[in-house]
Amino acid sequence: MFRKAYLGASISLLAITSAVQAQEAPEGGLEEIVVTAQKREQNLQQVPVSVTALSAEAIANKGITQFENLAQVAPGLTITQGTQRTGNSINLRGIGTSVFSIGVEPAVSVVVDDVPILNQGQAFSTLTDIERIEVLRGPQGTLFGKNASAGVVNIVTRTPTETFSGRIAASATTDEEYRVEAGISGPLGENVGFRINGFYSDFRGYVKNLATGNYLGADESWGIRGKLVADLSDSVKVTISAEHSETDGNSTPRTVLSFAPGATVFGASLATNLGTIKAGPGNYLLNQNYDGVAKGESTNVSGRISIDLGSVDLISITSYQKWGLDTQDDVEQLNLPVFGSATGLVQSSPYDTKNVTQELRLVSTAPGPFQYILGAFFSSGETDRSFDRGPSGPLLSKWVSNAGTKTCAAFAQGTYDLAATTHLDAGIRYNHEKIDVSFQRLNVPATQPANNAICLAVCTGNASDDAITGKIALRQDVAERVMVYASFATGYKGQGYDVSSGFTPARAANPVKPETSHTYEIGFKSRFLDNRVQFNLTGFWTDYKNFQSQSAVVQPDQSIQFQLNNVGKLRTRGIELELQTKPTRELSFDLAGTWMDAIITEYPLANCNTIQTTDPICFDIDGSGPGTARAQNLAGKRLPNAPKFMFNASAMYDIFMDSMPFDGFVTLDYRYQSRVNFDLFQNPLYFQKAYGVLNGSIGVRQRDDQYRVTLFVNNLFDKNFASNVGGLVGGPATAVNQVLSRNSRRYFGIRANYNF
């Protein structure tokens, strides 16, 4: 079965020097990297998982201040951006979940200090006071549960220090972002430590709206986090964490990429609205009468109790999270009247999410040939969402909804040393889930369907499901610091409700089917040349069944209806490679990349895309001629935003100046990815061609790292690229929009850090 993993080549060169509790290596050599992504401390080179780990120093050096920046440094990770963070998608090995529905959870789990978030939009926030970030590729359901079928992003914040210390950091950029962060940490008594950190950030935005004179993509945010750790006795440790953050901004901008002469949007001339704006990949201007709103608020509280019972530790983790986002967007992107409204169409949609989790773990600590983890997990979450699009016209829609989920699970994972150099890892998880939904449409259409077919009265639904997932891996130490492994794992993502404007009683009675996967993986991990070179190689093959994916379907009234589909079957396969070197005391070099083949293997009756008009590509389902339902067979087509090839290359050169109280450094980071299409239905207009981006920095630092000053540049050669491409609402099939990220433009900046 591992022959499959060999045949499918996805190269991921993971090599980012980061470390969880890194230990000093021999002079001039690489650090030993210890990760906790499998819920116990393990040397990265002994873990049978494909992992990228980023230390606090690596995060600072690369300027990673927002979650979406991780796509620049973690091969195999891509992010598809929507106009609001609730429409963003996190993808690993080509697999993610891009949905607006509150009734569907993501395929990539984001975990912060052992607490999984419920709504994918919660992840897209400021990263501050981070100890490390670990990106695990492939199904991780045994330890992390049902919404980790494609992988996990594990974020760990810093803990209190044993002596009093503090940190102040500030940065400014040429595109007018100003950021300051400060924190203090230390003991409160003999057995109690604390840590408090806060930040404030103000960003002007990066795409100008000519109608208002403002910039879209603007964001003003602040947050504070506190952590208290107390040793109640020699065997009992308690950690209490609390954080609160708020953000006030506007929509992620969409600009016009291309359109045909004479194109109209709801009857209004697109060329007239654009005026002097030139459509294209370098278009950072728009002309719409509303900037949009994106106001968010987040509160998280968690408690961790660790009890040493002798040969095992009992760990309890309890959390409560509350997250809200108020969004408003200009629907048609015009500065012209639409349907009799001078301000056009505005779409508002507040979200309100609450989630409670409880996890218990028994972790073996006694030495011996058998090590294990036993655990139980419970969560109860719900999300409210209301929606209002108007004020008039055929797209008028107003509704309220609620989606809830309750999960109970039990899991176990163990390692047994079959011999001194042969190790068997195995795990299993049982998951039981209940979901429910309620939906009511508040606007009454001119023609009312019979039998409450559009939920003018409240429509409700509930369902439950049970699943068992597991993993088994065989590891062989073939020499000192050289290990090979082979593994098999299953993944599961629960069923979900397609909550959108087209919700019906039929949707309430028939949730989308669960998504399942089987992954085969082989790997080689090594260090050699006196610990100066690390070389890791991973091959994988994953088959998905009933993959959950959202797609846009144009309705007869020119509105776009987002529908959740079960794609029949998928396959993603490839080889992942890591190369990390430190040939001299001054120079270090990392290379990381991914070549993968992520395709649909079975989807015989998929919707046609908006520009397909002829057979045999887009055929009549029943063969009865024009006017009937049409479909296409997507077997063999690539998945959306799944580049065939990605790689990162970075180099750092330290300039040791013995006669000075400080040293210098220079860094270069280059990222490349191949062409992608953003449409599940393969619209040839919705693509981003291959591109590469070069970042760099130069700076000085005191030898004990008390202070550091860095001058940096993002996207040195000003290479423009889109993070999403799609159609204009109300426009012709040939009119194309793009979402441009901030990092698709060049800007310069300065960062300064002072530690005491």
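Per-chain numbering applies: the sequence of each chain, read as written, is numbered from 1 onward. In keeping with the model being predicted, local features are shown solely for residues with a pLDDT of at least 70 and side-chain atom pairs are shown and tallied solely at 80 or more, while totals for entire chains, interfaces and linings include all residues. The side-chain quantities take in all heavy atoms of the structure and omit both hydrogens and water.

**Topic: the overall build of the protein chain**
Along its length, the protein chain carries five helices and 44 strands. Its C-alpha radius of gyration of 26 Å places the protein chain within 12% of the 27 Å reference for a compact globule of 756 residues. Taking the principal axes of the C-alpha coordinates as reference, the protein chain spans close to 75 × 55 × 50 Å. Throughout, a contact is declared for two residues whenever any of their heavy atoms are within 4.5 Å. Contacts in the protein chain between residues far apart in sequence, at least 24 positions, make up 69% of those at least 6 positions apart. Only the protein chains shown count as covering a residue, and every accessible area follows the Shrake-Rupley method with a 1.4 Å probe. Total accessible area on the protein chain is roughly 30,000 Å²; 58% of this is exposed by carbon and sulfur atoms. Counting rule for charge: Lys and Arg are taken as positive, Asp and Glu as negative, and neither His nor the chain ends is counted. Working definition for charges: the position is that of NZ of Lys, CZ of Arg, CG of Asp or CD of Glu. Here the protein chain carries 63 positive and 71 negative side-chain charges, and the mean point of each set is 6 Å from the other. Secondary structure elements follow DSSP: runs of H or I of four or more residues count as helices, runs of E of two or more count as strands, with numbering from the N terminus. Atoms considered for the radius of gyration are the C-alpha atoms alone. The globule rule reads 2.2 Å times the number of residues to the power 0.38.

**Concerning the sheet that holds strand E9 (residues 130-137)**
Whether two strands pair comes down to DSSP finding at least two bridges between them. Read across the open sheet, the five strands follow the order E4-E9-E10-E7-E8; overall the sheet is mixed. Strands at the two margins of the open sheet, each flanked by one partner only, are strand E4 (51-55) and strand E8 (115-116). With seven bridges connecting them, E9 and strand E10 (residues 151-157) associate as antiparallel partners. Each residue of the ladder has a partner; that of Ile130, found in E10, is Thr157.

**Remarks on the pairing of strand E24 (residues 346-364)**
Of the strand pairs in this sheet, strand E23 (residues 312-330) and E24 are connected by 19 bridges, and their pairing is antiparallel. Looking at E24, one finds that Val312 is bridged to Ser364. Bridging between E24 and strand E25 (residues 370-390) involves 16 bridges; their strand directions are antiparallel. Its bridge partner being in E25, Thr353 is matched across the sheet by Thr383. Taken together, E24 and the strand that follows it, E25, pair antiparallel across an intervening segment of five residues, in which Gly368 is found at a positive phi of about 150°.

**Brief notes about the pattern of salt bridges**
One speaks of a salt bridge when a side-chain nitrogen belonging to Lys or Arg is within 4 Å of a carboxyl oxygen belonging to Asp or Glu. Within this structure, the stated rule accounts for 33 salt bridges. Here Arg361 and Asp114 are joined by a salt bridge, their closest N and O atoms 3.6 Å apart. In this pair, Arg361 is assigned in strand E24 and Asp114 in the loop between strand E7 (108-112) and E8, connecting sequence segments 247 residues apart. A simple rule labels every residue: compare its accessible area, found with a 1.4 Å probe on the protein chains alone, to the largest value its type can have, and call it buried under 20%, exposed over 50%, or partly exposed in between. A relative accessible area of 22% places Asp114 in the partly exposed class. The shortest N-O distance in the salt bridge between Arg573 and Asp597 comes to 3.1 Å. With a gap of 24 residues between them, Arg573 in strand E32 (residues 560-581) and Asp597 in strand E33 (residues 587-602) connect regions that are remote in the sequence. For Asp597, a relative accessible area of 12% puts it in the buried group. The network of salt bridges with common partners includes Lys39, Asp114, Arg304, Glu359 and Arg361.

**As for unusual backbone geometry**
Glycine aside, residues mostly have negative phi angles, and peptide bonds mostly take the trans form. Here Gly390 and Pro391 are connected by a cis peptide whose omega angle stands at 20°. With respect to the element layout, Pro391 can be found in the loop between E25 and strand E26 (397-419). One non-glycine residue, Leu529, lies in positive phi territory at about 55°. Tracing the backbone shows Leu529 in the loop between strand E30 (515-528) and strand E31 (533-554). In this structure Leu529 comes out as exposed when scored by relative accessible area, which is 57%. The residue Asn715 is not glycine, and still its phi comes out positive at about 55°. Relative to the helices and strands, Asn715 resides in the loop between strand E41 (707-714) and strand E42 (722-727).

**Details of the confidence of the model for the protein chain**
The predictor's confidence in any single residue is recorded as pLDDT, a number from 0 to 100. Residues with a pLDDT of 70 or more make up 92% of the protein chain, whose mean pLDDT is 89. Taken as a whole, residues 1-26 scores under 50 in pLDDT and shows 114 contacts with residues more than four places along the chain or in a different chain.

**Side note on the sheet that holds strand E43 (residues 736-740)**
Read across the sheet, three strands follow the order E18-E43-E42 without closing on themselves; strand pairing throughout is antiparallel. The outermost strands of the open sheet, each flanked by one partner alone, are strand E18 (254-258) and E42. Averaged over neighbouring strand pairs, the angle between their axes works out to 35° when direction is ignored. Bridging between E42 and E43 involves five bridges; their strand directions are antiparallel. Among the inter-strand pairings, Gly727 is bridged to a residue of E43, identified as Val736. Comment: axis = line fitted to C-alpha atoms, over the contacting stretch for helices; angle = value between 0 and 180 degrees taken between N-to-C directions.

**Notes on the environment of Asn633**
Examined against the element boundaries, Asn633 turns out to sit in the loop between strand E35 (630-631) and strand E36 (645-655). Judged by its relative accessible area of 42%, Asn633 is partly exposed. Each C-alpha atom of the pair Asn633 and Cys618 lies 8.1 Å from the other, and the pair is 15 residues apart in sequence. In this structure the side chain of Asn633 is engaged in a polar contact, spanning 3.1 Å, whose partner is the backbone nitrogen of Ala635. Here a polar contact is recorded for every N or O atom pair within 3.5 Å, except that within protein the pair must consist of a potential hydrogen donor and a potential acceptor, and residues adjacent in sequence are included only if both atoms are side-chain atoms.

**Details of the nonpolar core**
We define a nonpolar core as any set of buried Ala, Val, Leu, Ile, Met, Phe, Trp, Tyr and Cys residues linked to one another through side-chain atoms lying within 4.5 Å. In terms of nonpolar packing, the biggest core is built from 42 residues, with Phe67 and Ile133 touching the most fellow members. Core analysis: the next-biggest nonpolar cluster, separate from the first, contains 20 residues, Ile33, Leu136, Leu143 and Phe144 among them.

**So, the packing of aromatic side chains**
The criterion for an aromatic pair is that two Phe, Tyr or Trp rings (for Trp, the six-membered ring) have centres within 6.5 Å, with stacked assigned to planes under 30 degrees apart, edge-to-face to planes over 60 apart and tilted to the rest. Scanning all chains against the criterion turns up 17 aromatic pairs. Plain terms: the ring middles of Phe370 and Tyr372 are 5.6 Å apart, the flat faces sit at 25° to each other, and that makes the pair stacked. Judged by its relative accessible area of 46%, Phe370 is partly exposed. Here the aromatic residues Phe387, Trp399, Phe439 and Phe503 are joined through ring pairs into a cluster of three or more. By definition, being over a ring means that NZ of Lys or CZ of Arg is both within 6 Å of the ring centre and within 35 degrees of the ring normal. In this structure, Arg742 packs its charged tip against the face of Phe203, placed 4.3 Å from the ring centre. Above the ring of Tyr284, the side-chain terminus of Arg745 is found at 4.1 Å from the ring centroid.

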